[in-house]
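Architecture at a glance
The primary structure of each chain is shown beneath.
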Amino acid sequence: MSKPNILVVEDETKIARVLELELEFEGYQVTKAHDGMEGLRLYREKEWDLLLLDIMLPGLSGTDLLKRIRSGDEETPVIMLTAKDAVRDKVTGLDLGANDYVTKPFEIEELLARIRAALRTKSEQQVMRMEDLTVNVNTHEVHRGEKSIELTAKEFSLLVYLMKNKRQVLNREQLLEGVWGFDYYGDTNIVDVYIRYLRNKMDKGYETKLIHTVRGVGYVLKDAR
Ligand code: CA
């Protein structure tokens, strides 16, 4: 299994650096953003296992960032970093859908325990969403809105791979390697064939298409955001 990836949005460079070192030491993959807008941009780039958001941030505050995230994503666990005694921040954060909060200055062991707990909750759910598409990794159920979509095992793997790398343009070689594995020696056309199967099942007849062709490059799964 790949390392869980965590997006840390924290403007205080010292704290961000400490978090990065500690989390990487624990085996997480860490990306840092130093203000709210950068955090939002990075958030939209891919699927994150967990977000660590400071509340007081330049550009866009942690609570505003959380609001934007929760408007279309109920799943990604979010832990807020709040100033000591800022009770109102905690309440607002939890009301807006944060999973947990840790007050600064924090004990790293406590933060790590909360991260582990939040990640456990996430792996139990394992439902990925985009627009009206939901993909349940445990039960292999796929829906658009209320409609159930039947996929073969390979189509399902392809969809999960696209979801995990949503909004990133993937070329045929990446898709081949990610879905079929290194040991596949066939033609890369198989990717186009399976993309067509998937489109027929999950995009055809729907106003919002989720799979997009990037001419000369490959494919990208993205919503209207
Ligand atoms: Ca701050």
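A brief report on the enclosed structure follows.

The rules behind these values
Residues numbered from 1 in each chain as written. Predicted model: local features only at pLDDT ≥ 70, side-chain atom pairs only at ≥ 80, totals over all residues. Heavy atoms only, no water. Axes fitted to C-alpha atoms, helices over the stretch in contact; angles between N-to-C directions. Helix = DSSP H or I, 4+ residues; strand = E, 2+ residues; numbered from the N terminus. Parallel < 35°, antiparallel > 145°, perpendicular 65-115°, else oblique. Contact = heavy atoms within 4.5 Å. Nonpolar A, V, L, I, M, F, W, Y, C, P; charged D, E, K, R; others polar. Donors = N, O, S within 2.8 Å, 3.2 Å for Na, K, Ca; no water. Buried < 20%, exposed > 50% of the residue type's maximum accessible area, 1.4 Å probe, protein only. Expected span 1.5 Å × (residues − 1). Arc of directions from axis to C-beta. Polar contact = N/O pair within 3.5 Å; in protein donor to acceptor, adjacent residues only side chain to side chain. Phe/Tyr/Trp six-rings, centres within 6.5 Å; stacked < 30°, edge-to-face > 60°.

1. Looking at the packing of helix α7 (residues 172-180) against helix α8 (residues 189-202)
Viewed as axis vectors pointing N to C, α7 and α8 meet at an angle of 75°, and their least axial separation amounts to 9 Å. For the element pair α7 / α8, the angle class is roughly perpendicular. In this structure, α7 uses Arg172, Leu175, Leu176 and Trp180 to contact α8, whose residues at the interface are Ile190, Val191, Asp192 and Tyr194. Its residues assigned to classes, the contact of α7 with α8 comprises six nonpolar, no polar and two charged.

2. Topic: the coordination of the calcium ion
Protein coordination of the calcium ion is provided by Asp11 (OD), Asp54 (OD) and Met56 (O), with donor distances spanning 2.1 to 2.3 Å. Donor residues for the calcium ion sit on one chain with the sequence pattern D-x42-D-x1-M. Placement of Asp11 in the loop between β1 (5-9) and α1 (13-25) and of Asp54 in strand β3 (residues 50-54) is noted, with a sequence separation of 43 residues between them. Here Asp11 falls in the partly exposed class, since its relative accessible area comes to 27%.

3. Side note on helix α6 (residues 153-164)
In this model α6 runs 16 Å from its N-terminal to its C-terminal C-alpha over 12 residues, within 8% of the 16 Å that 1.5 Å per residue would give. Residues Glu155, Phe156, Leu158, Leu159, Val160, Leu162 and Met163 constitute the buried set of α6.

4. Notes on α7
By the burial criterion, the buried members of α7 are Leu175, Leu176, Val179 and Trp180. The buried residues of α7 occupy an angular sector of 100° when the element is viewed end-on, so they sit on one face. Where α7 is buried, its residues contact α6, β10 (170-171), α8 and β12 (218-221). By the N-cap criterion, in which a side-chain oxygen at the helix start approaches the backbone nitrogen of a residue two or three places on, α7 is capped by Asn171, the distance to Glu173 being 3.1 Å. Immediately downstream of α7, the backbone of Gly181 shows phi near 90°, a positive value.

5. Some words on the packing of aromatic side chains
Taken as a whole and judged by the stated rule, the model has two aromatic pairs. Note on Trp180 and Tyr194: the rings are 5.5 Å apart at their centroids and 70° apart in plane angle, and the pair reads as edge-to-face. Here Trp180, found in helix α7, pairs with Tyr194, found in helix α8; they are 14 residues apart in sequence, far enough to count as distant. Given the relative accessible area of 12%, Trp180 is considered buried.

6. Here we look at unusual backbone geometry
Along the chain, Lys104 connects to Pro105 via a cis peptide bond; the corresponding omega equals -5°. Looking at the secondary structure, you find Pro105 in the loop between β5 (100-104) and α5 (108-125). Located in the positive-phi region is Arg167, a residue other than glycine, with phi close to 65°. Structurally, Arg167 is set in the loop between α6 and β10.

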